[in-house]
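Chain by chain, the residues:
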Amino acid sequence: MVTCTTCSTEFDAAAAECPSCGTPAPVDLGESPAVAAPATEAMPQPVTSGSSVVSSEDRNLGMLAHASAASAFIGLPVIGPLVMWLVYKEKSEFVGANALEALNFNISFAIWSIVAGLTVFVLIGFLLLPIVTIAWIVFAIIGAIKASEGEVYRYPLTLRLVS
């Protein structure tokens, strides 16, 4: 019998990991289990998206694809997501899918902003412009968070112009 160094559960020495907490069984290096080194902190595991595994780097790049829409503050909301999509569509399915979603959303956002700007002349635009801007910021943040969790976020009310 072997004692788990994390939860102190006793289990069969032939088992690869503790049945209670999943900690890997200590490797027998001639030491008794009581003297064995405590378990080290586990390495972060990749998040699975559907049936594929999404690495930490891909999650960060997917998050960057959504956050790159901040290029809208210089008047070009599609540049960041477009560059991310062109660079990563062949390299990483996950990053490419997130960048494509961000690109389509930002094209839609640009169209919504133009329409809201034109309606300022009939006074409804004064209400629409802040709503469109706040929705754009909120949805971009949600997209970045979902990508960091290993999910491809599908923006609501988005025209799928690029595929």
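Residues numbered from 1 in each chain as written. Predicted model: local features only at pLDDT ≥ 70, side-chain atom pairs only at ≥ 80, totals over all residues. Heavy atoms only, no water.

1. Description of the pattern of salt bridges
What counts here: Salt bridge criterion: a side-chain nitrogen from Lys or Arg within 4 Å of a carboxyl oxygen from Asp or Glu. Numbering of helices and strands starts at the N terminus; helices are DSSP runs of H or I of at least 4 residues and strands are runs of E of at least 2. Exposure is judged per residue with a 1.4 Å probe applied to protein chains only, and the accessible area is read against the type maximum: over 50% gives exposed, under 20% gives buried, and values in between give partly exposed.
Under the counting rule described, the total for this entry stands at 2 salt bridges. The partner of R154 in a salt bridge is E101, and the shortest N-O contact between them spans 3.1 Å. Taken together, the residues span a long stretch of sequence, with R154 in the segment after α4 (125-148) and E101 in helix α3 (residues 93-118) at a distance of 53 residues. Since its relative accessible area comes to 5%, E101 is described here as buried.

2. A short note on the confidence of the model for the protein chain
Fine structural detail should not be taken from predicted coordinates in areas where pLDDT scores are low. The condition is simple: As a per-residue quantity, pLDDT reports the predictor's confidence and falls between 0 and 100. Should any heavy atoms of two residues lie within 4.5 Å, those residues are counted as being in contact.
Chain-level pLDDT for the protein chain is 77 on average; 80% of the residues reach the 70-or-more range. Here residues 29-49 is a poorly scored stretch, pLDDT under 50, and it has 24 contacts once near neighbours within four places are set aside; other chains count.

3. Considerations on the packing of helix α1 (residues 56-67) against helix α2 (residues 79-88)
Let me state the cut-off plainly: To obtain each axis, a line is fitted to C-alpha atoms, and for helices this fit is confined to the stretch in contact; angles are then taken between N-to-C directions over 0 to 180 degrees. Should the near helix be turned anticlockwise from the far one by less than a right angle, the crossing is termed left-handed; should it be turned clockwise, right-handed. Any residue outside Ala, Val, Leu, Ile, Met, Phe, Trp, Tyr, Cys, Pro, Asp, Glu, Lys and Arg is labelled polar, Gly included; the first ten of those are nonpolar and the last four are charged.
Running from N to C, α1 and α2 point in directions that differ by 145°, and their axes come no closer than 8 Å. Here α1 runs over α2; the crossing is left-handed. Every residue of α2 that contacts α1 at L61, L64 and A65 is listed here: P81, M84 and Y88. Residue classes in the contact of α1 with α2 are distributed as 6 nonpolar, no polar and no charged.

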